[in-house]
Each structure stands twice: as C-alpha cells, then as structure tokens.
Amino acid sequence: MQEKYVPADVEAAAQAYWRETRAFEVRPDPSRPKYYCLSMFPYPSGKLHMGHVRNYTIGDVLARWHRMRGYNVLQPMGWDAFGLPAENAAIQNRVPPARWTYDNIAYMKKQLQSLGFAIDWSRELATCRPDYYKWNQWLFLRMLERGIAYKKTQIVNWDPVDQTVLANEQVIDGRGWRTGALVEKREIPGYYLAITKYAEELLAELEKLPGWPERVKLMQANWIGKSQGVRFAFPYTLSGKEEKLWVYTTRADTIMGITFVAVAAEHPLAAFAASRDARIAAFVEECKRGKVCEADLATMEKKGVPTGIFVRHPLTQEPIEVWVANYVLMGYGEGAVMAVPAHDERDFAFAQKHGLPIKQVIQVPGKTFSPEAWQDWYADKENGVCINSGKYDGLSHREAVEAIAADLAALGLGEKTTQYRLRDWGISRQRYWGCPIPIIHCPSCGDVPVPDEQLPVVLPEDCVPDGTGNPLLLREDFLRCDCPRCGASARRETDTMDTFVDSSWYYARYAVEAATREKNERMVDEGTAYWMPVDQYIGGIEHAILHLLYSRFWSKVMRDLGLVAYDEPFANLLTQGMVLNHIFSRRSSKGGIEYFAPDEVAIERDPDGRIVGARLLRDGAPVEYGGIGTMSKSKKNGVDPQALIEKYGADTARFFIIFASPPEQTLEWSDTGVEGAFRFLRRLWAFAHQLRTTQPSGESSGLRREIHRLLAQANHDLAKTQLNTVASACMKMLNALEKAPQDAHAREGFSILLRLLSPICPHITHVLWRALDYGEDILAAPWPEADAQALVQDEIELVLQINGKLRGSLRISAQATREEIEAAALACEPARKYLEGRAVKKIVIVPNRLINLVV
RNA sequence: GCCCGGAUGGUGAAAUCGGUAGACACUAGGGACUUAAAAUCCCUUGGCCCUCUGGCCGUGCGGGUUCGAGUCCCGCUCCGGGCACCA
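Because the structure is predicted, anything quoted here is derived from the model rather than measured.

Analysis parameters
Residues numbered from 1 in each chain as written. Chains lettered and ligands numbered in written order. Predicted model: local features only at pLDDT ≥ 70, side-chain atom pairs only at ≥ 80, totals over all residues. Heavy atoms only, no water. Axes fitted to C-alpha atoms, helices over the stretch in contact; angles between N-to-C directions. Helix = DSSP H or I, 4+ residues; strand = E, 2+ residues; numbered from the N terminus. Parallel < 35°, antiparallel > 145°, perpendicular 65-115°, else oblique. Left-handed = near helix turned anticlockwise from the far one by under 90°. Contact = heavy atoms within 4.5 Å. pLDDT = per-residue confidence, 0-100. 1 Å grid on protein atoms, 1.4 Å probe; cavity = no way out; pocket = protein on both sides within 12 Å on 5 of 7 lines; lining within 4 Å. Points joined across faces, edges and corners; volume = space filled by probe spheres on them. Buried < 20%, exposed > 50% of the residue type's maximum accessible area, 1.4 Å probe, protein only. Salt bridge = Lys/Arg side-chain N within 4 Å of Asp/Glu carboxyl O. Pairing = 2+ DSSP bridges. Near = heavy atom within 4 Å. Polar contact = N/O pair within 3.5 Å; in protein donor to acceptor, adjacent residues only side chain to side chain. Nonpolar A, V, L, I, M, F, W, Y, C, P; charged D, E, K, R; others polar.

Helix-helix packing is described using two parameters, namely the angle between the two axes and the distance between the axes. Across the interface, helix α24 (residues 746–757) lies against helix α25 (residues 762–771) with an axial gap of 9 Å and an inter-helix angle of 150°. Considered as vectors, α24 and α25 are oriented roughly antiparallel to each other. Like other packed secondary-structure pairs, α24 and α25 cross with a definite hand, here left-handed. Note on element contacts: α25 touches α24 through Thr765, Leu768 and Trp769, opposite Phe750, Ser751, Leu754, Arg755 and Leu757.

Across chain A, the average pLDDT comes to 92, with 99% of residues at 70 or higher. Reported for the predicted complex are a pTM of 0.94 and an ipTM of 0.95.

Another aspect to go through is empty space enclosed by the protein. Across all of its chains, the model carries 4 cavities of 30 Å³ or more by this definition. There is about 170 Å³ of room inside the largest cavity. As for the largest cavity, its lining consists of 19 residues, of which Glu87, Ile91, Thr164, Gln170 and Gly467 are closest to the centre. Looking at the lining of the largest cavity, the elements with two or more residues in it are α3 (84–93) and β6 (164–166). Ranked by residue count, the leading element in the lining of the largest cavity is α3, at 4 residues.

Within the fold, Gln801 resides in strand β34 (residues 795–802). In this structure Gln801 comes out as buried when scored by relative accessible area, which is 17%. Excluding residues within four positions of it along the chain, Gln801 makes contact with Leu806, Arg807, Leu850, Ile851, Asn852 and Leu853.

Below, the discussion takes up the pattern of salt bridges. Tallied over the full model, the rule gives 46 salt bridges. Its salt-bridge partner being Glu568, residue Lys556 comes within 3.0 Å of it at the nearest N-O pair. With Lys556 in helix α18 (residues 546–560) and Glu568 in the loop between α18 and β27 (573–576), this residue pair connects regions lying 12 residues apart in the sequence. In this structure, Lys556 and Glu568 share a single accessibility class: buried. Overlapping salt bridges bring together Glu201, Glu205, Lys208, Arg552, Lys556, Arg559, Asp560, Asp567 and Glu568 as one network.

Strand order in the open sheet formed by 4 strands is β6-β5-β9-β19, with antiparallel pairing between adjacent strands. Edge strands, defined here as strands with exactly one partner in the open sheet, are β6 and β19 (425–426). Where strand β9 (residues 184–193) lies against β19, 2 bridges are found, and the strand directions are antiparallel. The partner of Tyr192 across the bridge, within β19, is Gly426.

Of note, the bond from Leu455 into Pro456 is cis; its omega dihedral lies within 30 degrees of zero at -5°. Within the element layout of this structure, Pro456 appears in the loop between β22 (446–449) and α13 (476–479). Omega for the bond connecting Met532 with Pro533 falls within 30 degrees of zero, at -5°, which places this linkage in the cis form. Looking at the secondary structure, you find Pro533 in the loop between α17 (526–531) and β26 (536–540). Even without being a glycine, Asn388 presents a positive backbone phi close to 50°. The class for Asn388 is partly exposed, based on a relative accessible area of 46%.

The subject of this paragraph is the sheet that holds strand β10 (residues 227–238). Reading across from one edge, β11-β10-β18 is the order of the 3 strands in this open sheet, with antiparallel pairing throughout. The strands lining the two open edges of the sheet, one partner per strand, are β11 (241–249) and β18 (414–419). Across the sheet, the mean angle from the axis of one strand to that of its neighbour is 35°, orientation sign disregarded. Sheet topology note: the β10/β11 ladder contains 9 bridges and is antiparallel. Bridged to Pro235 within β11 is Lys244.

This brings us to the protein's contact with RNA strand B. By nearness alone, 75 residues border RNA strand B, and Arg431, Ala660, Gln713, Tyr834 and Asn852 come closest of all. The share of sugar and phosphate among atoms of RNA strand B within 4 Å of the protein is 63%. A distance of 2.6 Å is found between a sugar or linking oxygen of RNA strand B and a side-chain nitrogen or oxygen belonging to Asp80. In this structure, Gln722 approaches RNA strand B through a side-chain N or O atom, which is 2.8 Å from a phosphate oxygen. For the surface near RNA strand B, the element with the highest residue contribution is helix α23 (residues 723–739), accounting for 6 residues. Along the lines of polarity and charge, the residues of the surface near RNA strand B split into 28 nonpolar, 29 polar and 18 charged.

Counted residue by residue, α25 has 9 buried out of 10 residues, so it is predominantly covered. Along α25, the positions that sit buried rather than exposed are Pro762, His763, Ile764, Thr765, His766, Val767, Leu768, Trp769 and Ala771. In this fold, the buried residues of α25 make contact with α1 (7–20), α2 (50–68), α20 (650–660), α21 (674–693) and α24.

In structure tokens:
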C-alpha cells in the first residue's frame, strides 16, 4: 500500500472493482429480506448541486449499511427529464429541449458515478423516453375509462403579449417574466384526475405509515383538509323564478349572525350581476388581474361590491344582500359563503371596511364583545354558546350545528356534509416538453382517446420553443392524424401532462425485470411485486405534499386496476433538509428578474454581520439581496460539488456533507470544515499504514471498551438515521486508536472503524480493508455489533447535585444499592461543604447518572 | 394570509426518556518540528469574576410547570419549506 493517501487512485480502484464485479446489479432473491432504497430522482438541470450530493449520500449510506446487514438491496437512479427549465434553456440558447436534457443527463450521470454511489445503473430510466411515458398515456386512458380522468375548464395565468400560458413561477409581481405585461386569468379546458375520490383513503391511510415523519403526515392531512359542516341554500327570487344560492359552512351554529353573503367573482350570480351593472362588471374584471395562486389571493386586500341582489335567510326569511368579494374562492365549496362578521376574522375585516352590520351570536363566559376590534375568542368553538339566536340560545357549538342542520333539512334547504379542501389534480399543461396527452380531436366524434395499440404518442424531439406558445401547434406532422372512430382527418391534442405525473410511479418502473423493459408490453411486472413498496424513500422536504400525495394517489389507482398489490408506495420516508445559499437578483429592463451566483457578487454587511446589500463584481452596481433559499438552477445559487470532488475526492465530499448536520435539518451551505474531513481520512490512511507494519504488544481493555461503547452509540444513531453522529463516532474511534497503545485489540478496533465508516466513505474503506487483509470485499463483511461483555464497568461516576445545581461528582461501584449511593453522597466532601448542616428533604437518584440532594 | 418546521459558542453541531450544556469538528491564537513552505503534532478557545480552591451567568425573547428545562406548557420575534402551472 502507498504511504500517502491519494483519493483519485483509491477511488478509481474501488469503482473499477465494483464495475467489474457488477456489485450493485440486483435480482429478486426470496432467500434474503429485500430493501428497496430510493432517493428522489433529479431533474437534469445541468450539474449536480449540494442538495443532490446530500440526498444521494444519505440514501447510499442507508443502502450500503443494509447490504452489509444481509439485505438484498436495490438502489436505482433515473431522470425526471420533462419540465420547464429545458424550455427556458431553449429560449435562451435555441437548442432543442431534448438535446439540452440528454447532454445534462450524460454529464450528471458521470458526476453521480464519480461519487461512488451503490446504484444499479442497469435500471436507469428517463421520463422523457417514449418507452417510459407510453405508460403515463396508457394509465391516463384507463383513468378516462373509469371516470377518474375527465375534462373541465381551468383558470390559468395568461400573458396577453406572448399569447401564452405562464407558470406561477413565470409571473413576477403580476407581470409576465419575458414581456413585463400584466398577467390575466383566463379559463381554458383541461384534463383533471379525480384525486378527491381518494381523499378519504389518502387521509385515513396516513395512520398506516408509522415510518413517515409526523410533520409530513400532518401537512398532508391539513392539505386534504377534511371538515364536517353543513351545506345549505339561501332561497331567492330572480326575474320571477325561485332560485337557491348554496353555501358550505363549518360554523352553522353562527347562522343567526349572518349579515351578508359573499360570492366569488367567477360565480354565476356575480356574472349575472355584472351583466346589468357596469360597476360590478368592472370589479369582476379587476379580480381577473393577477396570478392564479393561493398565497396571492390570501394576502390581497379584501375588496368587494354589493350586487343589489337579495337572498332570504333560510331560517328567518330576512333579506340578505349578496356581495362579490375577492377573498371567496370559486374552487372551494360552492364558491359562495355565508358571512358572519362577528365570528369569522375575514368577514369581520370585510364588514368593518364596508360598514356592514356585525351581529354577535356566540358568547364566551367572562368576555366582552366589541365590534370595534377583532379578538381571537370570537371564533372560539370550544367555549362559546349561542346568544341572540332565538331557540338556539344556550346551545354549544356541537348542539347548535346539529339542531340547525336538522331544521334546515326539514325545510329541504340543507344537510350535514363532509367537505375536503383537496381539489382534483389538473394535469394539462400548454407546453411542449412533456408527455403528450393521448387524445385526438375529431370534428365529428369530438375528443377521442388514442387506441392502446397506437401508444405511445411520441413527442417530436426537435422543436425549439421560443416563449410564444406551444411549438407543437406548428408541427403539422404531429398534429395531423385520423380519427380512430370514424377515420376522418383529425388533430392531436397538443397539451402535455404535468411533470408530477412522470414522478408519480417511476419507482414502480425501476423495479421491473430487464425482459419486461425490453419488450415493453407491460407497465409493471413480478419484479415490481417483489421490490415494492419502497422500504426507504429519501428526498427533500419541499416534496412533503404534492409529489408524495400524487404518488400515493397514483399507486391506489394502479392497485384498483389490479396492476399492483400495495396500498402505499413508500413504507419509510426520510425528508432531507434543504441545502440553502444566498440569493442575489436584479430587475431586468423588461421587468423580469435576473439572478446572480453568490460568487459573482461582493457582499456588504452591517456591524451585526447581517447582509444589507451586495454589488455585482462585473459592473460594481448594486444587486438585491433576496435572503437565503434552497439551491436551484433558476436562482443560480447552487454550488457545484465538482471542484470539491476534484480537490479532495468523493469520500471527503461524502463524509463532510454527512458530518455537517443531521439529515432532516436545513443546512446553510459553507465549505468551511471540508479540510477537517480530508484530514480525518488522511489520518485514517496513515494509521492503517502504520498498523500494517507494527507488531501488537500488550493488552489494554480500555481501548476495546471505548471502541465498543462508540459502536453501540453509532448503531443506535444509525437506526434513527442520525448520520452526522455516526461520522463523529468514526472520528472518535480513530482518536481512541491513535492514543491507545498498539495492543491486540487495535486490529479489531480498526476493523470495526472501517466497517462503520464504509457506508459513508466506501472507497477508502474498500481499499484499506483489502490492504490490511481483513478480507476480499468489505461489502461482504458482517456489520459490527457491540459486544456487551466489553461494555461492563466496575465503577461509575455519578453527578452530585444540590437543589438541582451541579456541585461535584462521586465514583461508586456499579452494583451499589440506593442506600449505599445515598450514604456515599451525604458523606462526600462537596455535599458537606454545601449542605452546611441543613437537613436534606428529598433525594432524587437517576440510575447511572446523578444524585440530587434537595434541602 | 394559511399549513409545517427551525433557532444552542466566532462557525457546523452534540446532549438517546426532563438529569453534568457545548461531544466531534471548523476557525482563530500560541507553541513544537523544518533552511523555508506544505504536512503533522501539542496547548488555549461560551461570557464575566477570581491569586488559588473556585464562583456567577449562559441554549432567539417574555412568562410558567418541576428537586432539576436546550428538552414540557403558554405568549412573541426572526428565519426556512409548502400553498395546487418550478421541480
């Protein structure tokens, strides 16, 4: 073995060995437990960034650890290859998205390989390949047959200059990113997937996922947003006709406090009012400005106009005016709400602004109501009782809801219902670089599904979008086709699918057998049945809701079609914290935003070290500081790990990112400390070199006890995926080995250290394992377990507290009884000093830890 | 605005069930080795006080529970993630 640690040589040797032995290509094997370890596949944006390195290193540590513990481990990799950035790149460089994407994949694959991940590359897939997206189309057609996929109108962001639909991300301060034009809302048709049909199951089965973080389950539950309430109608007469205005509320107990009704701008009643009143029409028009996004709607100033239309209170017959308000969402409930200003904060703000009456109908004992200012107790469901509500006075929230629902039902004007916040999933995108929706538009037959035998509908790969709309609209060779039903000439649908469709089932596809992939006559197979569900899924917390919920939904649809047997795709989930970096930007002349990498700017700080501004190094002019945020290509704040790998090697990069912080925690990027990781590996190498050439002498149980103590701790930490302290344990082991005399236990200790470290730093440990003749392949070595015998101690140290304050410590036999400990504590020097003869009232003993004397 | 997290030295962090706060590292300072540099090794490194033994304070802020709180409870502040067309 070489005297000096040269990472490039070590890593080349280890990687060559894995390649030659096909170390990570796996097949189903019923004789061993399986472990499907999956990291979220990357979008091929160009280069890896530190978030990827973190994600895949965490996954690789878990994969290698399980493999050494005897599991049959599958760890695949692929590419989430459709998406907007490829079109942006095309606009900028006039390169077809396909070429840009494939080039990026090739480069990023090399980067991943240089990091030495234990990936079965024979299963690699890219979602932009027809052999993959064929099955998106096939499953979409099955959903269409079952009424799970359907067509309706959707509201999109419209750029009136480019005549194109914009993503929320492309709308900056209400304007199109390229044109600077004011964005409008526009209604267009699109396909939806009825995820709401699965709302109840998606919610209920969260409880069957003990391996998921509580916070993710909580976020999903809130997103699904199940509520029990009452759907009821306000009758009204319009142009001589009896009509009903339906609303939904969870606070039927406040029904006697209604002082107005508010409808969304898109509500039919608003449209009717607008048709006869220019002021209302202008307001409805105003509501169309701005982008389609909940955050924008929620932070908007609450505005509204009265319609002059009155409905009747269903219980009192009192006339109630209908308002059009911008805070009512058409997509939730009925697009209309009863307004009870006294007990709903938004209604309160709206009523105050427009001088509408505020009528208190709930009282919490001991509180005083004032219409002047909102107080949180006004919305209290737990402690309130009805007042000013006639026969309902004195009833609690629950009692009043029951009574009022019953009365409304008796009148035929309402019923108790369950409502979900979750909306159906709109999958149509008016974009080129995505999976074509397999529909043909026939002038006589209408929308006709593409027959299965014509799948896949292949996307032409040579288009170059220019930002002015979907280039497929110009491709006659793609557009023209024959109607499968009547044979007449027809046109293909040009909308493509949301990229979340691609990522909703890729994990099941990785698992199929090679033969199935080659023939491509089945979406999934027995390989899927063997490997699924994923035993450990690892990915960013930013996917806590959408991607994970869509994947759960898609799995359930596949199950109901008899394709798979599992209910849930991911048994255990590790949500990796984001890797953050500073964001710098500047307005472009057109009103768009241009981002700059942190190394392109000079940062200015105030005396407290806070960043107050920055200047672009190129031109010296100021740029705006946008705080810190997740590393992304679009914000140009990603850090390419390449330089790190080239300078220190993959093992150092891997060790450093694992050591830097626990996996679930957000990490503000800084490479301070990389040197320390590298120094550790160099010391490891030097120690191995020296261990090879020295004869052991003497016997010291101290070292063995220390190594096994650290091992027990590290195994405990591994089980809860707290990997940073496993890295620390490795450092502590090396410190202990270096300090101890080279006794008979040094070789055992070092073999434990190598195995414990190998999932994190697989290259150096592979090479040292062989160099020290521990065996042929460290991957085949058994995972080390702590020897309980080695941990036994005769004497322990107890902390002495007096009134909870640390006052000293005492050494005592590990077998000492409670009485012996108490006697020893009372007799020791610090106790006598601090007690000063005062009587001890109480003695608290925490076994093996401390004794606290309370006086 | 709504939902979900986070905050511990100059820095990344540790503290397993409410029980010794700051393990392990980084940075900085001092020293050894060296012609020199690199590398390596040793020492110091939360703040304040003290001649020493040692003492007091300290886990974002303000309260509370407890023999004992970084950890539990209540109320805030700031930062991050998500909000359905970024992925």
